[in-house]
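# A structural walkthrough
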Amino acid sequence: MDNILIIRNLRVAVEGKEILHGVDLEVRRGEVHAIMGPNGSGKSTLAAVLAGREGYDILEGEVLYNGMNLLEMEPEERARAGLFLAFQYPVEIPGVTMATFLRTALNEIRKARGQEPLDPIAFLKIARERMSWVGIDPEFLQRGVNESFSGGEKKRNEIFQLLLLEPQLAILDETDSGLDIDALKVVASGVNRMRSPERSFVVITHYQRLLNYIVPDVVHVLYDGRIVRSGGKELALQLEERGYDWLRAEGEELVLPSIS
Amino acid sequence: MATQQDELLQQVTASEYKYGFVADIEEELAPVGLNEEIIHYIWERKGEPEWMLEWRLRAFRHWKTMQEPRWAKVTYPPIDYQAIRYYAAPKKRQVQSLDEVDPEIRRIFEKLGIPLEEQKLLAGVAVDAVLDSASVATTFKEKLAELGIIFCSMSEAIQQHPDLVQRYLGSVVPYTDNFFAALNSAVFSDGSFVYVPPGVRCPMELSTYFRINAARTGQFERTLIIADEGSYVSYLEGCTAPIRDENQLHAAVVELIALDGAEIKYSTVQNWYPGDREGRGGIYNFVTKRGICLGKESKISWTQVETGSAITWKYPSVILKGDGSVGEFYSVAVTNNYQQADTGTKMIHIGRHTRSRIVSKGIAAGRSNNTYRGLVRVLRGADYARNYTQCDSLLIGHTCGAHTFPYIEVLNPTAITEHEATTSKIGDDMLFYCRQRGISEEDAVALIVNGYCREVLLHLPMEFAVEAQKLLAISLEGSVG
Ligand SMILES: Nc1ncnc2c1ncn2[C@@H]1O[C@H](COP(=O)(O)OP(=O)(O)OP(=O)(O)O)[C@@H](O)[C@H]1O
Ligand SMILES: [Mg+2]
């Protein structure tokens, strides 16, 4: 079985308003998929539903993750099964040190993988190494989770967690927004370092620029709650040039099949 | 979102009191009720000198003229003081070594994880264990004695060090102070006594564990700590108590005295039985704790983690008399189910350049009520006094309450006081972030609460900070156990 993720006709409403009008998506193991689309088209909604955030009504459709019915799993079960979400707006948890938080998280995930828990010393070693990959100072381990981090630091921190937790499917929700060009390269190199035939990525972004560094296998356009077009990396360039308006007509009747 | 919170609450509330069990130990019991004869009985049983009888009777006569205070934000049925038994002591007492301790008592202590064990002793903890009203074991005494430090039961101090006791007992909390202090003065059975001589730094944490073990036996502990000039002592009090249906009254008095340049650090981890999920049973904890910075440049620091008791009424305070003295209060109070806590501190600035710092974290879950009540009073002569107060409340769910009553009275124009207060909820977004990283909802709550209290927990002695963290998790935990 090659697909790590299969989404079929997913319709989702929030507070009575339908946001996703039937999303279909298949992601194969080892692939990087980019999802682009205008503000409010439902990208974050899709990411949140995949990660299991509450408050969304599933009207129709199904999601298979590694063959499992994803929508029936608790958020922590999904995480332990290797699904990772890099948040668009990471939340601050005052007073809970990064070290405590991440060691707890990592050990939960290791337990699910049948691995021994890491003691604080072994944890520090691996944490320091992964932090260096994304240029975060080790002293951040003693700070509260995202507490008073700058916007860019929060994004880097999400990628650091990705490197540490080594998921099978990572969903990145606008990890590039608000980053300067150097930080963007750091984030991209972190992701590229993790690319492997065993690991898949869904990268949500507004900017073609990121995709110069993280080269996607497939680019999708999410428009008004539907995937209206899929293509290769050149689709991102087209979008950069022409915007989304030209897809509007297609959005109504024409839905192209995935090329994968 | 409301449903998620409710579910969480269900789990949190489902957690039963872990330390609930009843020991089977022969006890010597006083008749139920309170009158001058009972005072005589206690005095006689304890073989105290004549002056103590006078002392107790004076307090008792004054108590009879007093009204139980009703200003705190707590409600409970009237207490029948004549239905309480005021004295109970295990029959075997005053043992020389651990081996002589009643095996049943040792078993309980082990079950509670109380450090009567060698490892813990090696870790530098001297334990004065109080089971009900009488001391049953005192360790590490010799080592302390070498330094001239006195650490013993209050009963022993009355016998062996009457001069110190007579001089200081009731000097910080006089029997006239309040209803419960008067009651305690009349009937107190035992407690701890510490004296640290000039210039001595006590090399280990001194700790006492209190328990209530006999039905309808009020617990009236009396603790007195004196730090002589330039000395230092850190003292820890921790409590757990077994499940009982009937409410039990606990009215302790703690007095601290710091002379010139002395420092006293007093830490409490309080885990009395909080009552069941319907709010039945549980301890009524009416405590008077007060320290005086008598000497210049002296310091008293209270740190408390309060998770237990059905009702907590407690305001560890500092009188800053010596010039340049410092008072601190660091508090975490957790209430769940039907618990009620009305707690805080008083900082009374008398001397010049006195400083105080208050950090209070109230956490309310279930249908509980959590109140911070604090007073900062700067008297006329307290030039350049400074106070910083921060009180934060955290709500879990929407059926609990948090309240703050900060009173500030400043009579000196050079004084500066600062007050900050926040109220927050454990947000769904925080919980979701944790869960997305593989952490269960229940563990996430414990993690977030511990983080919230970190600033206070950091002030606890290392090994107890770990215990306190566990306790916070236990008092808010869900289906586990
Ligand atoms: N909790 C909510 N309540 C009401 N509407 C919501 C809620 N969450 C999302 N929406 C709406 O759903 C739509 C899709 O939002 P979503 O955040 O998924 O967009 P997006 O594609 O991620 O946009 P952006 O590019 O700006 O991040 C928006 O119109 C938004 O207002
Ligand atoms: Mg978004």
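Per chain, the residues get numbers from 1 upward, laid out in the order the sequence is written. The order in which chains are written sets their letters, starting at A; the order in which ligands are written sets their numbers, starting at 1. In keeping with the model being predicted, local features are shown solely for residues with a pLDDT of at least 70 and side-chain atom pairs are shown and tallied solely at 80 or more, while totals for entire chains, interfaces and linings include all residues. Side-chain descriptors were evaluated using all non-hydrogen atoms of the structure, hydrogens and water having been removed beforehand.

### Some remarks on the overall build of chain B
Using the following cut-off: Helix and strand labels come from DSSP, where a helix needs a run of H or I of at least four residues and a strand needs a run of E of at least two; each type is numbered from the N terminus. Remark: exposure states derive from per-residue accessible area (1.4 Å probe, protein chains only) relative to the maximum for the residue type, with buried under 20%, exposed over 50%, and partly exposed in between. Only heavy atoms enter the contact rule, under which two residues are in contact if any of them lie within 4.5 Å. Method for areas: the Shrake-Rupley scheme with a 1.4 Å probe, in which residue coverage is limited to the protein chains shown.
Along chain B, the regular secondary structure elements total 13 helices and 23 strands. Taken over 481 residues, chain B has a buried fraction of 65%. For chain B, the proportion of contacts with a sequence separation of at least 24, taken over those separated by at least 6, is 85%. Surface summary for chain B: the accessible area is close to 17,600 Å², and the carbon and sulfur share equals 50%.

### Considering the overall build of chain A
Heads up, the condition is: C-alpha atoms define the radius of gyration in this analysis, and the globule rule sets the expected value at 2.2 Å times the number of residues to the power 0.38.
Across its full length, chain A holds nine helices and twelve strands. Here chain A has a C-alpha radius of gyration of 18 Å; the compact-globule value for 260 residues is 18 Å, and the two agree. Taken over 260 residues, chain A has a buried fraction of 53%. For chain A, long-range pairs separated by at least 24 residues make up 68% of all intrachain contacts whose partners lie at least 6 apart in sequence.

### Details of helix α5 (residues 151-165) of chain A
Residue and element names in this part refer to chain A. Heads up, the rule is: Residue count minus one, scaled by 1.5 Å, sets the expected span of a helix.
Between its terminal C-alpha atoms α5 stretches 21 Å, which fits the 21 Å expected from 15 residues at 1.5 Å a residue. For α5, the tally of buried residues reaches eleven of 15 residues, placing the bulk of the element in the interior. Regarding α5, the residues found buried are K154, K155, N157, E158, I159, F160, Q161, L162, L163, L164 and L165. Once α5 finishes, E166 follows within two positions and takes phi at roughly 45 degrees, a positive value.

### Describing the pattern of salt bridges
Operational definition: Salt bridges are identified by distance alone: a Lys or Arg side-chain nitrogen within 4 Å of an Asp or Glu carboxyl oxygen.
Scanning the model with the defined rule gives 32 salt bridges over all chains in all. Taken together, the shared-partner salt bridges in this structure form one network comprising E54(A), E74(A), E76(A), R435(B) and E441(B).

### Brief notes about the environment of L172(A)
Residue and element names in this part refer to chain A. In this structure, L172 sits in strand β9 (residues 169-173). Here the alpha-carbon distance between L172 and P216, two residues 44 residues apart in the chain, equals 13 Å. With residues up to four places along the chain from it excluded, the contact list for L172 reads A86, I159, V191, F201, V202, V203 and I204.

### Side note on the coordination of the magnesium ion (ligand 2)
Residue and element names in this part refer to chain A. For clarity, the threshold we go by: Donors, by definition, are the N, O and S atoms found within 2.8 Å of a metal, the threshold being 3.2 Å for Na, K and Ca, and water is not counted, so a site can look incomplete.
Of the protein atoms, only S44 (OG) and Q88 (OE1) coordinate the magnesium ion (ligand 2), at distances of 2.0 to 2.4 Å. A residue pair is termed long-range when its members are at least 10 positions apart, and S44 in helix α1 (residues 43-51) and Q88 in the loop between β6 (83-86) and β7 (93-97) qualify at 44 residues. Of the residues examined, S44 reaches a relative accessible area of 30% and is grouped as partly exposed.

### Concerning the sheet that holds strand β5 (residues 68-69) of chain A
Residue and element names in this part refer to chain A. Going by this rule: The criterion for strand pairing is that DSSP finds at least two bridges linking the strands in question. Axis angles are defined between N-to-C directions and span 0 to 180 degrees, where every axis is a line fitted to C-alpha atoms and, for a helix, only to the segment in contact.
Here four strands make up an open sheet; going across it, the order is β2-β1-β4-β5 and the pairing antiparallel. The open sheet terminates on both sides in strands that have one partner only, identified here as β2 (17-28) and β5. One ladder, built from nine bridges, connects strand β1 (residues 3-14) with β2; its direction is antiparallel. By the bridge assignment for β2, V14 is matched with K17. Contacting β1, β2 and β4 (56-65), α1 crosses the sheet at an angle of about 115 degrees to β1.

### Side note on the confidence of the model for chain A
Residue and element names in this part refer to chain A. Our working rule: As a per-residue measure, pLDDT tells how confident the predictor is, with possible values from 0 to 100.
In the predicted model, chain A carries a mean pLDDT of 91, and 95% of its residues have values of at least 70. By mean pLDDT, helix α9 (residues 248-253) is the weakest element of chain A at 56, and helix α2 (residues 75-80) is the strongest at 98. Taken as a whole, residues 253-260 scores under 50 in pLDDT and shows 13 contacts with residues more than four places along the chain or in a different chain.

### With respect to the nonpolar core
Buried together is how nonpolar side chains tend to be arranged in soluble globular proteins. To keep things clear, this is the line we draw: Buried Ala, Val, Leu, Ile, Met, Phe, Trp, Tyr and Cys residues form a nonpolar core when they are joined through side-chain atoms within 4.5 Å.
Core analysis: the largest hydrophobic core is formed by 103 residues, its most contacted members being F101(A), I363(B) and V449(B). Formed by 57 residues, the second largest nonpolar core is a distinct cluster that contains I79(B), I84(B), Y86(B) and A251(B).

### Examining the packing of aromatic side chains
Residue and element names in this part refer to chain B. Filter applied, for reference: Classification of ring pairs uses Phe, Tyr and Trp, with its six-membered ring standing for Trp, and accepts pairs whose centres are within 6.5 Å; under 30 degrees between planes counts as stacked, over 60 as edge-to-face, and the remaining range as tilted.
Per the counting criterion, the structure on display carries 24 aromatic pairs over all chains. Ring plane angle 85 degrees and centroid distance 6.3 Å describe the contact between W55 and F188, whose orientation is recorded as edge-to-face. Of this pair, W55 sits in helix α3 (residues 50-64) while F188 sits in the loop between α9 (179-187) and β6 (192-196), placing them 133 residues apart in sequence. Judged by relative accessible area, which is 1%, F188 ranks as buried.

### Some remarks on the interface of chain B and chain A
How we decide: Buried area counts how much accessible surface, traced with a 1.4 Å probe, disappears from two parts once they are put together, with both parts' losses summed.
The partner chain A presents 34 residues to the 19 residues of chain B that form the contact. Both sides of the chain B and chain A interface together cover about 2,200 Å² of buried area, and 63% of this is carbon and sulfur. Together, F432(B), Y433(B) and R437(B) form the three largest contributors to the area buried by chain B at its contact with chain A, with a combined 35%. Between E74(A) and R435(B) there is a salt bridge; the shortest N-O distance is 2.6 Å.

### Some words on the pairing of strand β19 (residues 355-364) of chain B
Residue and element names in this part refer to chain B. Taken across its ten residues, β19 has eight buried, putting it largely inside the fold. Note that strand β17 (residues 326-335) and β19 share ten bridges and pair parallel. Within β19, the position partnered with V334 by the bridge is I363.

### Details of the environment of E156(B)
Turning to its location among the elements, E156(B) is positioned in helix α7 (residues 154-160). Along the chain, E156(B) and T268(B) lie 112 residues apart, while their C-alpha atoms are 23 Å from each other.

### Quick look at the site of ligand 1
Residues and elements named next belong to chain A. This is how the line gets drawn: For this purpose, a residue is taken to be near a molecule or strand whenever a single non-hydrogen atom of the residue falls within 4 Å of it. We call two N or O atoms a polar contact when they sit within 3.5 Å, provided that within protein one can donate a hydrogen and the other can accept it, with sequence-adjacent residues counted only if both atoms are side-chain atoms.
Around ligand 1, the structure places 15 residues, and the nearest of them are G40, K43, S44, T45 and H206. The separation between an oxygen atom of ligand 1 and a polar side-chain atom of T45 is 2.5 Å. Between an oxygen atom of ligand 1 and a side-chain N or O atom of Q88, the distance comes to 3.3 Å. Compared with its free state, where it exposes 640 Å², ligand 1 has 65% of that area covered by protein. Within the residue set of the shell around ligand 1, elements represented by two or more residues are β2 and α1.

### Some thoughts on the sheet that holds β6(A)
Whether parallel or antiparallel, the strands of a sheet pair through hydrogen bonds between backbone atoms. Residue and element names in this part refer to chain A. Taken in spatial order, the six strands make up an open sheet running β6-β9-β10-β3-β11-β12, and their pairing is mixed. The strands lining the two open edges of the sheet, one partner per strand, are β6 and β12 (226-231). In this sheet, adjacent strand axes meet at a mean angle of 20 degrees when their direction is disregarded. In this sheet, strand β10 (residues 200-204) lies alongside β9 in parallel orientation, the contact comprising five bridges. Opposite A170, over in β10, you have F201 as the bridge partner. Along the sheet, helix α8 (residues 234-242) makes contact with β3 (32-36), β11 (218-223) and β12, crossing β11 at roughly 40 degrees.

### Notes on the environment of N9(A)
All names here are of chain A. By the element assignment, N9 lies in strand β1. On the accessibility criterion, N9 (32% relative accessible area) is partly exposed. Here the alpha-carbon distance between N9 and S132, two residues 123 residues apart in the chain, equals 41 Å. Dropping the residues within four chain positions of it, N9 is found in contact with G22, V23, D24, E60 and G61.

### Comments concerning helix α3 (residues 98-112) of chain A
Residues and elements named next belong to chain A. Between its first and last C-alpha, α3 extends 21 Å over 15 residues, near the 21 Å set by a 1.5 Å rise per residue. All buried positions along α3 are accounted for by M98, A99, F101, L102, A105, L106, N107, E108, I109 and R110. One or two steps after α3, the chain reaches G114, where phi turns positive at roughly 80 degrees.

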